[in-house]
Amino acid sequence: MLVGSVIGAASLMLPEASALAAGKGSLADPDIPVFGNPHGDVTIFEFFDYQCVYCKWSYPDLMRVVERDGNVRLVMKDLPVFGASSVRAARMVLAAKELGQYKQALRALMATRSRLVDERIDDALAQAGVDPAALQTVANSDRIGRIIARNKGQARAYGLSGTPSFVIGSKVYRGAQSEWALNKAIESARRAA
């Protein structure tokens, strides 16, 4: 079963991750809101897609870990790899930041269980109290396009082509991560700091 094969997947120390640890590169982006503690001692960057089953599967564990730890900063990096609907979903949620509704928009789309199409995206956002029509102009802006392009460039630099992928401390973790595996990765990042 594929889920079992990716839970707690081995970490890889990549040259780009070493550069991050050495302060030579950064995945931080002021245009992307932060979950958890904005001043946390460990940052988790997750590259994800709203249509990725494994991203959705591991999302509740990720949020539980961030909430329970209290000293973790989480940055969700849209990496739409499943086509036009994934791109639209990413653009709409990033645009929701302008309305102060990023987190509820992200949660709404991560909770969807069916394949995303425009109508499903809009319905999920509306049910979460986010007006899809109010997002259209910002969602289609060059600024949002640049955020997604930066995420894609950073993913390429780290050798990431699939979702979910995590950068925690100076290590890259590929595949869905269980709560246990995330806690271990955070412990490892703290020991290495």
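J.: I'd like to hear about the overall build of the chain, residue by residue, with values.
T.: Looking only at helices and strands, the chain features nine helices and six strands. Considering only contacts within the chain whose residues lie at least 6 apart along the sequence, 79% involve residues at least 24 apart.

J.: If you had to explain the side chain of Thr-112 to someone new, which residues and values would you point to?
T.: Assignment of secondary structure puts Thr-112 in the loop between α5 (102-110) and α6 (118-127). Owing to a relative accessible area of 1%, Thr-112 belongs among the buried residues under this scheme. Of note is the side chain of Thr-112, whose polar atom sits 2.7 Å from the backbone oxygen of Leu-109. Setting aside residues up to four positions removed in sequence, Thr-112 forms contacts with Lys-56, Arg-120 and Ala-124.

J.: Which residues make up helix α3 (residues 53-69), and what values do they have?
T.: Over its 17 residues, α3 extends 25 Å from the first C-alpha to the last, a length consistent with the 24 Å expected when each residue adds 1.5 Å. Along its length, α3 reaches its greatest deviation from straightness, about 35°, at Tyr-59, and the proline Pro-60 lies no more than four positions downstream. Taken as a whole, α3 has its buried residues at Cys-55, Lys-56, Ser-58, Tyr-59, Asp-61, Leu-62, Met-63, Val-65 and Val-66. Contacts from the buried residues of α3 go to β2 (34-36), β3 (42-48), β4 (72-78), α5, β5 (165-168) and α9 (179-192). Of the residues one or two after α3, Gly-70 is the one with positive phi, at around 80°.

J.: Requested: an account of helix α4 (residues 84-96), with residues and values cited.
T.: The terminal C-alpha atoms of α4, which comprises 13 residues, lie 18 Å apart, in line with the 18 Å expected from a rise of 1.5 Å per residue. Within α4, ten of the 13 residues are buried, leaving the element largely enclosed by the surrounding structure. What α4 keeps buried is the set Ser-85, Ser-86, Arg-88, Ala-89, Ala-90, Met-92, Val-93, Leu-94, Ala-95 and Ala-96. Close packing links the buried residues of α4 with β4, α5, α6, α7 (132-139) and α8 (142-157).

J.: Can you lay out the side chain of Gln-154 for me, pointing to particular residues and giving the numbers?
T.: By the secondary structure assignment, Gln-154 is in helix α8. For Gln-154, a relative accessible area of 16% puts it in the buried group. Side-chain polar atoms of Gln-154 contact the side chain of Lys-77, separated by 2.7 Å. What Gln-154 contacts, discounting residues up to four positions off in sequence, is Ser-26, Leu-27, Ala-28, Phe-47 and Lys-77.

Definitions and limits used
Residues numbered from 1 in each chain as written. Predicted model: local features only at pLDDT ≥ 70, side-chain atom pairs only at ≥ 80, totals over all residues. Heavy atoms only, no water. Helix = DSSP H or I, 4+ residues; strand = E, 2+ residues; numbered from the N terminus. Contact = heavy atoms within 4.5 Å. Buried < 20%, exposed > 50% of the residue type's maximum accessible area, 1.4 Å probe, protein only. Polar contact = N/O pair within 3.5 Å; in protein donor to acceptor, adjacent residues only side chain to side chain. Expected span 1.5 Å × (residues − 1). Bend = angle between axes of the 7 residues up to and from the residue.

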